[in-house]
Amino acid sequence: MTRQRTRRLLEYLFTVWIIVTLNFALPRVMPGDPFLYLSTDQGQEIARFSEAQQDYYRRQYGLDRPLAQQYAAYLAALAAGDLGYSIYYNQGVTAILLQRLPWTLLLVTAAVALSALAGCLLGSMSAAFRGRALDRWLYPAMIAVSEIPAFLLGLLLLFTLAAGWQLFPLSGAMTHFAVYASLWDRLADIARHAALPVLTLAIVRTGGIYLLARSSMAAVLARDYLRTARAKGLHPLHILVRHTLRNAMLPIVTRIFLSLGGLVGGAILVENVFAYPGLGRLMREAVLVHDYPMIQGIFLLVTLTVLTANYLADRIYGRLDPRIRENAAEAR
Amino acid sequence: MTALNIAYGSPRRLSRLTGTLSAGGRIGLLVLIVLLLLSAAAPLVCHHSSRETSGPPLAPPNAAHWMGTDDLGVDIWAQVCFGARISLLVGIGTALLAGLGGALAGILAGYCGGWVDRILMRLIDILLVLPDLPVMIVLAAFFGPSVWTVIGVLSAFSWVFTARIVRARVLSLKQRRFIQAAETYGAGPLYLMRRHFLPEIFPLVAVGMIRLAGRAIVAEAGLSFLGLGDPTSRSWGFILHHALSFPGIYYTAFWKWWLLFPWLALTLVVLSLALIGKDFENIADPRMRSH
């Protein structure tokens with residue numbers, strides 16, 4: 001058991017190393033060169049750097065040194081938490097990431113919480129009334145919902161609720177230049193801006209959690225120990241909380257951790273639909289302007305977060321329920 | 001096993017297959033076939049060019065342009081028809097490449113075992129935990145935006161799903177009596193593969209390929225939507241990207257045709273593929289029906 005756990009950890013560390021190395025290698029072979037053009041803004045004359053300036057900047061960023069040296073310097077800086085200096089934003093990458101990260105975290109955590117709640121609730125109801133009208137309508141509807149890509153749903157909500165009926169703001173995370181009378185006004189403004197992106201991500205994820213909750217609840221409800229519990233005359237609420245939910249929740253909790261990778265992908269697209277100033281929007285901007293250190297920083301942050309979540313899910317599996325350890329590998 | 005029969009597809013067998021599909025699966029199949037025909041016959045069904053101005057800019061749907069035109073006066077119906085080619089190409093290409101590659105890797109890992117299996121499984125584990133979209137964005141930018149690199153990147157990431165399922169099935173098959181019996185009678189690996197493994201594996205791969213096609217179409221649309229796709233191929237995602245880059249899109253009614261139609265096309269394809277995939281899952285493995 002302990003040996004297996006160490007092996008898992010080593011595997012994850014190996015994956016981390018691969019990501020870190022990929023992260024180093026990819027931007028260096030990307031086409032395009034940030035030092036080639038001074039400005040390529042639309043409508044403006046294209047201005048080029050001179051040879052001397054190009055050489056100067058290459059030296060400045062250490063891009064003229066041998067690759068091995070660059071790699072060593074990169075690892076050393078990474079260990080110190082230094083992700084480099086953004087060429088485009090003219091600011092430290094770590095500082096920009098810390099600025100943008102809270103917005104993405106807000107979206108993701110709110111969406112996870114909402115979808116878990118809604119998915120479990122609907123799934124349990126569906127399982128309890130299996131085969132009745134509610135279940136017959138909810139099940140296909142949820143399958144359809146779980147298949148719709150997040151950014152398509154986001155576009156639908158954006159253009160109906162925000163652009164059409166103007167119930168929500170179109171873009172951004174806060175009203176520009178607004179002066180808030182109180183903290184509550186400020187929070188309300190943030191909530192109004194976050195509502196649609198969160199709703200989009202939550203709806204898309206609810207489908208998957210609903211399906212899992214439904215089958216998990218149905219499996220538990222069919223168990224003999226529930227009949228025993230009822231026969232003993234236990235209070236229905238007690239049966240629901242202690243006997244049913246507790247057992248049915250196990251696969252759902254781990255699924256929530258495991259599906260974080262997919263959620264990150266959805267969040268990147270949805271942030272761009274709503275022009276929400278999180279990491280996803282930053283990533284797109286950085287790729288479009290070939291801001292190497294910025295791309296590296298975001299990529300690293302995102303992948304390492306997802307890896308950590310997966311590792312935690314791996315550990316939680318065994319902790320919560322030894323029975324499902326065998327299926328753990330297949331469940332994904 | 002029914003899914004297998006399509007491979008050797010005679011019309012009679014195909015009709016038997018449609019008989020086993022649910023209503024949703026039939027609608028999905030119909031939508032897909034219509035789209036395939038539309039994209040194949042795009043030059044015939046579109047009177048206007050998909051790239052050149054053919055009317056007034058931003059015209060609402062009318063008799064000449066029944067899906068309207070975009071800001072350059074390009075017919076949207078033509079763009080949707082020709083865009084279908086890109087989406088279907090990406091979907092089918094990725095499904096074939098990743099499905100066949102994954103099946104091959106799965107068979108190799110399962111049948112050979114040993115170090116081949118260990119290396120492949122480590123690789124699969126690594127690819128599985130990597131969040132795909134960020135990697136795809138970085139890789140698509142790195143390889144330069146073209147439809148073929150999008151297909152390549154998507155395949156490089158999605159073969160793992162097929163490989164895992166196939167490997168598990170091969171491993172369980174290897175333990176079965178009839179395989180062991182065949183081996184004692186002197187059946188070689190090639191014979192075993194052809195007569196015993198492939199027929200069992202094919203339905204799994206077919207189901208996997210439908211899933212892969214759906215994922216690939218969505219991923220390509222997402223990349224193009226971000227403006228990171230192939231700018232020369234006007235896929236549905238690119239139309240969305242182009243429409244959203246139009247400054248007044250939020251404050252005018254233009255989105256009611258400019259965005260709506262490519263959006264509808266994408267949603268329809270994704271849902272159809274999902275419906276067909278669900279049915280195929282049930283056919284290939286009736287045990288999944290309980291879900």
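## A look at the overall build of chain B
Thinking step 1. In terms of regular secondary structure, chain B is built from 13 helices and zero strands.
Thinking step 2. Along chain B, helices (α) and strands (β) appear in the sequence α-α-α-α-α-α-α-α-α-α-α-α-α when read from the amino end.
Thinking step 3. Considering only intrachain contacts with a sequence separation of at least 6, the fraction spanning at least 24 residues in chain B is 69%.

## Considerations on the overall build of chain A
Thinking step 1. Summing up its helical and strand segments, chain A has 13 helices and four strands in all.
Thinking step 2. Here chain A holds 332 residues, and 34% of them are scored as buried.

## Some words on the nonpolar core
Thinking step 1. If you look at the biggest cluster of nonpolar residues, it comprises 148 residues, and the most contacted ones within it are A:L107, A:L201, A:I298, B:M136 and B:I137.
Thinking step 2. Sort the elements by how many residues they give to this core and helix α5 (residues 76-112) of chain B lands first, with 17 residues.
Thinking step 3. Those residues in contact with A:I298 that sit more than four places away from it in its chain are A:L97, A:L279, A:L282, A:M283 and A:A286.

## Details of helix α9 (residues 236-258) of chain A
Residues and elements named next belong to chain A.
Thinking step 1. End to end, α9 covers 32 Å across 23 residues, agreeing with the expected 33 Å (1.5 Å per residue, within 8%).
Thinking step 2. Along its length, α9 shows its largest kink, about 45°, at L245.
Thinking step 3. Among all positions of α9, only T244, A248, P251, T254, I256, F257 and L258 are buried.

## Some points on the interface of chain A and chain B
Thinking step 1. Between chain A and chain B, the residue contacts involve 37 residues of the former and 30 residues of the latter.
Thinking step 2. If you list the elements that add at least two residues to the side of chain A that touches chain B, you get α1 (2-29), α5 (133-147), α6 (150-164), α7 (183-221), α10 (260-273), α11 (279-288) and α12 (292-320) of chain A.
Thinking step 3. Residue contributions to the side of chain A that touches chain B peak at seven residues, all from α12(A).
Thinking step 4. For the side of chain A that touches chain B, the per-class residue count stands at 26 nonpolar, seven polar and four charged.

## Thoughts on the confidence of the model for chain A
Residues and elements named next belong to chain A.
Thinking step 1. Averaged over all residues, the pLDDT of chain A equals 78, while 85% of them reach at least 70.
Thinking step 2. When pLDDT is averaged over each helix and strand of chain A, the minimum, 44, is found for helix α13 (residues 328-331) and the maximum, 86, for helix α4 (residues 93-128).
Thinking step 3. Here residues 324-332 scores under 50 on pLDDT; set against residues more than four positions off or in separate chains, the count is nine contacts.

## What to know about the packing of helix α3 (residues 23-40) of chain B against α5(B)
If you want to describe how two helices pack, look at the angle between their axes and the distance between the axes.
Residues and elements named next belong to chain B.
Thinking step 1. Two numbers describe how α3 lies on α5: the axes approach to 8 Å, and their chain directions differ by 115°. It follows that α3 is roughly perpendicular to α5 by the angle criterion. In this structure, α3 meets α5 at a crossing whose hand is left-handed. Along its contact with α3, which presents L35, L36, L38 and S39, the element α5 presents C81, A84, R85 and L88.
Thinking step 2. Grouping the constituent residues of the contact of α3 with α5 by class yields six nonpolar, one polar and one charged.

## Points about unusual backbone geometry
Thinking step 1. For A:A275, which is not a glycine, the phi torsion comes out positive at approximately 50°.
Thinking step 2. By secondary structure assignment, the location of A:A275 is in the loop between α10 and α11.

## Here we look at the packing of helix α8 (residues 147-174) of chain B against helix α10 (residues 189-225) of chain B
All names here are of chain B.
Thinking step 1. Close contact between α8 and α10 brings their axes to 9 Å; oriented N to C, the two are set at 155°. The orientation of α8 relative to α10 falls into the category roughly antiparallel. Like other packed secondary-structure pairs, α8 and α10 cross with a definite hand, here right-handed.

## Some points on the confidence of the model for chain B
Residues and elements named next belong to chain B.
Thinking step 1. Averaged over chain B, the pLDDT score is 79; the fraction of residues at 70 or greater is 87%.
Thinking step 2. Least confident of the elements in chain B is helix α1 (residues 2-7), whose mean pLDDT is 45; most confident is α5, at 87.
Thinking step 3. Low pLDDT, under 50, characterises residues 1-10; the stretch is placed with 18 contacts to residues that sit more than four places away or in other chains.
Thinking step 4. Listed scores for the predicted complex are pTM 0.80 and ipTM 0.77.

## What to know about the environment of A:Q99
Thinking step 1. Looking at the secondary structure, you find A:Q99 in helix α4.
Thinking step 2. Sequence separation between A:Q99 and A:P277 is 178 residues; the distance between their C-alpha atoms is 9.4 Å.

## A short note on the environment of A:G172
Thinking step 1. On the secondary structure map, A:G172 appears in the loop between α6 and α7.
Thinking step 2. Sequence-distant contacts of A:G172, that is, excluding residues within four places in its chain, are made with A:H193, A:A275 and A:P277.

## Considerations on the environment of A:L134
All names here are of chain A.
Thinking step 1. Within the fold, L134 resides in helix α5.
Thinking step 2. Expressed as a C-alpha distance, the spacing of L134 and L122, which sit 12 residues apart in the sequence, is 9.7 Å.
Thinking step 3. Not counting chain neighbours up to four residues away, the residues in contact with L134 comprise M125, S126 and F129.

Calculation criteria
- Residues numbered from 1 in each chain as written.
- Chains lettered and ligands numbered in written order.
- Predicted model: local features only at pLDDT ≥ 70, side-chain atom pairs only at ≥ 80, totals over all residues.
- Helix = DSSP H or I, 4+ residues; strand = E, 2+ residues; numbered from the N terminus.
- Contact = placed C-beta atoms within 7 Å.
- Buried ≥ 20, exposed ≤ 12 C-beta atoms within 10 Å, placed from the backbone.
- Core = buried A, V, L, I, M, F, W, Y, C linked by C-beta atoms within 7 Å.
- Expected span 1.5 Å × (residues − 1).
- Bend = angle between axes of the 7 residues up to and from the residue.
- Nonpolar A, V, L, I, M, F, W, Y, C, P; charged D, E, K, R; others polar.
- pLDDT = per-residue confidence, 0-100.
- Axes fitted to C-alpha atoms, helices over the stretch in contact; angles between N-to-C directions.
- Parallel < 35°, antiparallel > 145°, perpendicular 65-115°, else oblique.
- Left-handed = near helix turned anticlockwise from the far one by under 90°.

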